[in-house]
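Here's the letter readout for the chains.
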Amino acid sequence: MTRREAREQAFCLLFEKTFKDQDPLEEIIADAAEDGAPAIDPFALTVTRGVLENRTTLDQKIEALARGWKLTRLPRVTLSLLRLAMYEMLMAADIPISVSINEAVELAKKYATEDDASYLNGVLAALATELGESKEPGKPREAGAQA
């Protein structure tokens, strides 16, 4: 499975979790397997767990950058993609910022609308600017962020 496909799998898990917030991730994965979904890629599982473990921090960052928008007003697709991309941008030192943004925008184009993709791009670009746009492997992107 390619990294792009694994990222899409992670997005699908995160999107599903927005509907089943009380269900454990393992239950969601088991249900998907029963429905014939392919096995979850290790990268997808790592990213999904990372997003869920850091959701409060990620949601605070989204609210700070999504001026005038509360999380409850954002479409679930957009919210899931913002969480995924911001996790990568803030906490995955081996993924370049530009890749995180591009992949999120491409998934938005596939699963949402062009307006959603544009909005997502704007919010993520604001984060990239805040982070100084370049991300060196092993270097924290913001105070308190994990490398």
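Cut-offs and rules
- Residues numbered from 1 in each chain as written.
- Predicted model: local features only at pLDDT ≥ 70, side-chain atom pairs only at ≥ 80, totals over all residues.
- Heavy atoms only, no water.
- pLDDT = per-residue confidence, 0-100.
- Helix = DSSP H or I, 4+ residues; strand = E, 2+ residues; numbered from the N terminus.
- Contact = heavy atoms within 4.5 Å.
- Salt bridge = Lys/Arg side-chain N within 4 Å of Asp/Glu carboxyl O.
- Buried < 20%, exposed > 50% of the residue type's maximum accessible area, 1.4 Å probe, protein only.
- Axes fitted to C-alpha atoms, helices over the stretch in contact; angles between N-to-C directions.
- Parallel < 35°, antiparallel > 145°, perpendicular 65-115°, else oblique.
- Left-handed = near helix turned anticlockwise from the far one by under 90°.
- Nonpolar A, V, L, I, M, F, W, Y, C, P; charged D, E, K, R; others polar.
- Core = buried A, V, L, I, M, F, W, Y, C linked by side-chain atoms within 4.5 Å.

K.L.:
Can you break down the confidence of the model for the protein residue by residue, with the values?
P.N.:
Predicted coordinates in areas of low pLDDT are best not read in detail. A residue-level look at the protein finds 90% of positions with pLDDT of 70 or above and a mean pLDDT of 89. Taken element by element, the protein is modelled with least confidence in helix 2 (residues 25-34), mean pLDDT 92, and with most confidence in helix 5 (residues 76-91), mean pLDDT 97. Below pLDDT 50 for its whole length, residues 134-147 participates in 33 contacts with residues either more than four positions away or in separate chains.

K.L.:
With reference to specific residues and values, describe the environment of Tyr-119.
P.N.:
Among the secondary structure elements, Tyr-119 is positioned in helix 7 (residues 114-130). Sequence separation between Tyr-119 and Thr-78 is 41 residues; the distance between their C-alpha atoms is 8.6 Å. Setting aside anything within four residues of it in sequence, one finds Tyr-119 in contact with Ala-66, Trp-69, Leu-74 and Thr-78.

K.L.:
Kindly report on the pattern of salt bridges, identifying the contributing residues and their values.
P.N.:
Summed over the entire model, instances satisfying the criterion amount to eleven salt bridges. The closest approach of N and O atoms between Lys-110 and Glu-8, which form a salt bridge, is 2.7 Å. Taken together, the residues Lys-110 in helix 6 (residues 97-111) and Glu-8 in helix 1 (residues 3-19) connect sequence positions 102 residues apart. Assessed through its relative accessible area of 17%, Glu-8 is described here as buried. A salt bridge links Lys-20 to Asp-31; the nearest nitrogen and oxygen atoms lie 4.0 Å apart. In this pair, Lys-20 sits in the loop between helix 1 and helix 2 while Asp-31 sits in helix 2, placing the two residues eleven residues apart along the sequence.

K.L.:
How would you summarise the packing of helix 6 against helix 7 if you had to cite specific residues and measurements?
P.N.:
Two elements in contact, helix 6 and helix 7, have axes whose closest approach is 8 Å; the angle formed by their N-to-C orientations is 165°. Relative to helix 7, helix 6 is oriented roughly antiparallel. Our pair here, helix 6 against helix 7, has a crossing hand that is right-handed. Of helix 7, the residues touching helix 6 (which contributes Ile-97, Ile-101, Ala-104, Val-105, Ala-108 and Lys-109) are Glu-114, Asp-116, Ala-117, Leu-120, Asn-121, Leu-124, Ala-125 and Ala-128. In terms of residue class, the contact of helix 6 with helix 7 is built from ten nonpolar, one polar and three charged.

K.L.:
Describe the nonpolar core, with residues and values.
P.N.:
Formed by 40 residues in total, the largest nonpolar core has its most connected members in Ile-62, Leu-82, Met-86, Met-89, Leu-120 and Leu-124. If you list the elements that add at least two residues to this core, you get helix 1, helix 3 (42-53), helix 4 (55-65), helix 5, helix 6 and helix 7. Sort the elements by how many residues they give to this core and helix 5 lands first, with eleven residues. Ignoring sequence-local partners within four residues, the contact set of Leu-124 consists of Leu-82, Ala-85, Met-86, Met-89, Ile-101 and Ala-104. If you look at the next biggest cluster of nonpolar residues, it comprises five residues, including Leu-13, Leu-25, Ile-28 and Leu-45.

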